[in-house]
Amino acid sequence: MFLNILVAVDGSEHGAAALRTAAQLAGEEHARLTVLTAVPALPASVQFSSAGVAALGDAAQLMGEVGARIRTQVDALPDDISVTSIVVAGHPANVILARLSEGRHDLLVMGTRGLGRVGSALLGSVSQAVLHKARVPVLVVREAST
């Protein structure tokens, strides 16, 4: 039985499939669901460019856009599921593992691949890194093929 499920999403179809699966599990188990999105930092060359303030504004704008996209997915979940959404900056694998290390979650659900450049790999670099280091069960969800 799972009481606190963490689902990592990034706006990809694999992430959406993971969210649907996690929501179904949360509904069946009467578990709390935490939706976590990590937005990778902008490259250092962009952050410290001559337009430094604009680069920071772009990072904040990106966080807002990602948050809005995820909020739309979360709003579509059934009302009887307790959901908390978190959008943070950082490398996705590190952010997910840090959240798991806090000990509040007893299951992680994530997609096989995300929006990153590792699109053709069987498992994306984030899922692979998390699988090797997570101290809770990890359910990796593949996007349904059409």
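The structure we're discussing is the one just above.
Residues numbered from 1 in each chain as written. Predicted model: local features only at pLDDT ≥ 70, side-chain atom pairs only at ≥ 80, totals over all residues. Heavy atoms only, no water.

What follows deals with the overall build of the protein. Check the secondary structure of the protein and you find 5 helices and 5 strands. The N-to-C order of helical and strand elements in the protein reads β-α-β-α-α-β-α-β-α-β. Across the 146 residues in the protein, those meeting the buried criterion constitute 36%. (Helix = DSSP H or I, 4+ residues; strand = E, 2+ residues; numbered from the N terminus. Buried < 20%, exposed > 50% of the residue type's maximum accessible area, 1.4 Å probe, protein only.)

Our focus in this paragraph is the side chain of R99. Its location among the elements puts R99 in helix α4 (residues 92–101). Setting aside chain neighbours within four positions, we find R99 in contact with L6, T34, L36, I86, R104 and H105. (Contact = heavy atoms within 4.5 Å.)

Note that soluble globular proteins tend to have their nonpolar side chains buried in a common cluster. Grouped together as the largest cluster of nonpolar side chains are 22 residues, with contacts concentrated most on I5, V7, L19, L33, V35 and V109. Elements with a contribution of two residues or more to this core: β1 (4–8), α1 (13–29), β2 (32–39), α3 (52–75) and β4 (107–111). It is α1 that provides the largest number of residues to this core, a total of 7 residues. If we ignore the near neighbours within four places in the chain, the residues touching I5 are A22, L25, A26, A31, R32, L33, T34, H105, D106, L107 and V109. Formed by 15 residues, the second largest nonpolar core is a distinct cluster that contains A8, I96, L100 and A134. (Core = buried A, V, L, I, M, F, W, Y, C linked by side-chain atoms within 4.5 Å.)

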